[in-house]
Amino acid sequence: MPDSTVVSRPGLLTRLLLGSMKLRVGRRTEVPHTLEDIRRKLDRPCFPMALSSLQVRRVVECRVPGSHGLLSARLYVPYGRVHGVVLFMHGGGYVHCGLNSHHGICCRLARQSGAAVLSIAYSLAPENRFPVAVDDCWAALQWLAGEAHRWGGPIAVAGDSAGGTLAAVLAQMARDRGGPELAMQLLYYPSLYGERDVPSRQTYASGYMLSTKLMEWYAEQYIRTPADLRDPRLAPIYARSLAGLAPAVIGLAQCDPLHDEGTGYAAAMQQAGCVAQTRTWRGTVHGFLNFYSFLPAGREAIRYGAHALKRALRGGRVVSAAAGGRPPVTASPSAPSGQSDRSAA
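Keep in mind that this is a model prediction, so the values were computed, not measured. (Residues numbered from 1 in each chain as written. Predicted model: local features only at pLDDT ≥ 70, side-chain atom pairs only at ≥ 80, totals over all residues. Heavy atoms only, no water.)

(A) Structural view of the confidence of the model for the protein chain. A residue-level look at the protein chain finds 86% of positions with pLDDT of 70 or above and a mean pLDDT of 89. Residue range residues 320-340 is modelled with pLDDT below 50. Its contacts to residues more than four positions away, or to other chains, number 52 contacts. (pLDDT = per-residue confidence, 0-100. Contact = heavy atoms within 4.5 Å.)

This is the structure in structure tokens:
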């Protein structure tokens with residue numbers, strides 16, 4: 001088994017991407033000084049929105065209930081018969097990104113899964129600190145449960161980074177609050193451990209898109225007190241039990257401080273008797289889904305998740321779809337970073 005302290009090098013395309021980003025920053029005469037500037041620059045798609053929209057039958061701008069009012073949302077309806085609906089939460093450290101930055105991802109998830117996808121703009125920090133984002137997403141899920149019959153009935157939750165965390169939290173809340181029943185949770189490189197440490201945080205602490213310093217800054221914007229870092233609504237690993245959760249498919253970046261949180265959470269779910277599978281894309285960094293127009297791994301990861309959703313929402317076995325028919329391998333609780341893994345209960 002590889003040593004989790006061994007540092008893996010990003011792939012060539014990822015290195016080119018990181019290099020071009022550093023070059024642009026070096027040439028920039030003006031840097032964003034306000035949160036408004038940061039949000040405006042980061043809520044942009046990597047592929048023309050109009051072209052992405054051609055992949056689905058229609059894109060509906062709408063508003064759905066949140067915890068303190070209506071939230072902006074976008075519904076993606078695929079061609080053909082619709083099988084289920086997915087509530088999608090975007091990443092961005094609870095601070096930035098939104099409907100536009102994840103537009104192309106949602107179009108592709110809808111087309112390839114055959115499910116409707118509802119992407120919501122939950123309230124951002126620091127104006128709205130923990131647990132407002134959680135409450136917004138829970139309110140939206142409850143509303144969606146009442147509308148799910150329009151899309152065939154089954155419901156799944158999905159998200160990337162902070163959105164992946166929110167999806168994992170919703171799966172726990174749905175179990176603890178008597179529903180709605182979820183067919184699957186699709187989590188892309190989520191933050192799951194709060195203050196609990198993992199080896200990949202040290203191995204990939206800096207130089208790989210997401211740094212531990214940036215993670216600390218996001219936490220400062222979002223949490224109210226250090227105790228929040230042990231709250232299951234922010235760090236799902238602290239849940240009293242992981243039994244009875246919806247099946248999880250967790251897509252991970254290899255060179256990511258959060259890598260071992262995904263493998264560790266999947267192993268903990270397995271030990272509790274749940275279905276959980278992870279896959280790591282070699283040579284990738286945190287957030288690689290948002291660069292799918294440049295990185296083949298991003299397109300593959302979207303397709304991988306969409307096929308798992310398709311299987312789950314049509315009543316099939318999540319593991320079979322996600323593993324592509326290959327025999328599953330059970331992960332250990334301390335699954336190391338730096339390896340391509342597939343694990344299933």
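From this point, the narrative continues.
(B) Inspection of the packing of helix 4 (residues 103-113) against helix 10 (residues 296-313) at higher detail. For the pair helix 4 and helix 10, interaxial distance at closest approach is 8 Å and the crossing angle is 45°. Considering the angle they form, helix 4 stands oblique to helix 10. For the crossing formed where helix 4 meets helix 10, the hand is right-handed. Within the contact between the two elements, helix 4 uses Ile105, Arg108, Leu109, Gln112 and Ser113 and helix 10 uses Ile302, Arg303, Gly305, Ala306, His307, Leu309 and Lys310. For the contact of helix 4 with helix 10, the per-class residue count stands at five nonpolar, four polar and three charged. (Axes fitted to C-alpha atoms, helices over the stretch in contact; angles between N-to-C directions. Helix = DSSP H or I, 4+ residues; strand = E, 2+ residues; numbered from the N terminus. Parallel < 35°, antiparallel > 145°, perpendicular 65-115°, else oblique. Left-handed = near helix turned anticlockwise from the far one by under 90°. Nonpolar A, V, L, I, M, F, W, Y, C, P; charged D, E, K, R; others polar.)

(C) Representation of helix 6 (residues 162-176). The terminal C-alpha atoms of helix 6, which comprises 15 residues, lie 21 Å apart, in line with the 21 Å expected from a rise of 1.5 Å per residue. Backbone geometry just after helix 6 places Gly178 at a positive phi near 80°. (Expected span 1.5 Å × (residues − 1).)

(D) Expanded view of the nonpolar core. Of all hydrophobic cores here, the largest spans 58 residues; its most connected members are Leu87, Met89, Ile120, Leu170 and Tyr265. Among the secondary structure elements, those contributing two or more residues to this core are strand 2 (70-77), strand 3 (85-89), strand 4 (116-120), helix 5 (132-147), strand 5 (155-160), helix 6, strand 7 (248-255) and helix 9 (259-271). Examining the composition of this core, we find that nine residues originate from one element, helix 6, more than from any other. If sequence neighbours within four positions are ignored, Met89 has contacts with Ile120, Tyr122, Cys137, Val157, Ala158, Gly159, Asp160, Gly163, Leu166, Ala167 and Leu170. Grouped together as the second largest cluster of nonpolar side chains are 35 residues, Cys107, Ala110, Ala115 and Val117 included. (Core = buried A, V, L, I, M, F, W, Y, C linked by side-chain atoms within 4.5 Å. Buried < 20%, exposed > 50% of the residue type's maximum accessible area, 1.4 Å probe, protein only.)

(E) Broad picture of the packing of aromatic side chains. Tallied over the full model, the rule gives eight aromatic pairs. Pairing Tyr189 with Phe288 gives two aromatic rings, centres 5.7 Å apart and planes at 50°, and the pair type is tilted. Taken as a pair, Tyr189 in the loop between strand 6 (184-188) and helix 7 (199-203) and Phe288 in the loop between strand 8 (276-285) and helix 10 lie far apart in primary sequence, 99 residues in all. On the basis of relative accessible area, Tyr189 is assigned to the buried category, the value being 1%. For Phe288, a relative accessible area of 1% corresponds to the buried category. (Phe/Tyr/Trp six-rings, centres within 6.5 Å; stacked < 30°, edge-to-face > 60°.)

(F) How the structure looks around the pairing of strand 2. Most of strand 2 sits out of view: six of its eight residues are buried. Here strand 1 (residues 58-65) hands over to strand 2 after four residues, with Gly69 in that stretch at a positive phi of 135°. Where strand 2 and strand 4 come together, four bridges link them in antiparallel fashion. In the strand pairing of strand 4, Leu75 is matched with Leu118. (Pairing = 2+ DSSP bridges.)

(G) Seen up close, the sheet that holds strand 7. Taken together, the eight strands give an open sheet; going across it, the order is 1-2-4-3-5-6-7-8, and neighbouring strands pair in mixed fashion. Of all strands in the sheet, those with a lone pairing partner are strand 1 and strand 8, marking the two edges. The mean angle between the axes of side-by-side strands here comes to 20°, regardless of whether they run parallel or antiparallel. Relative to strand 2, strand 1 is paired through eight bridges, and the arrangement is antiparallel. The residue of strand 2 that forms the bridge with Val64 is Leu71.

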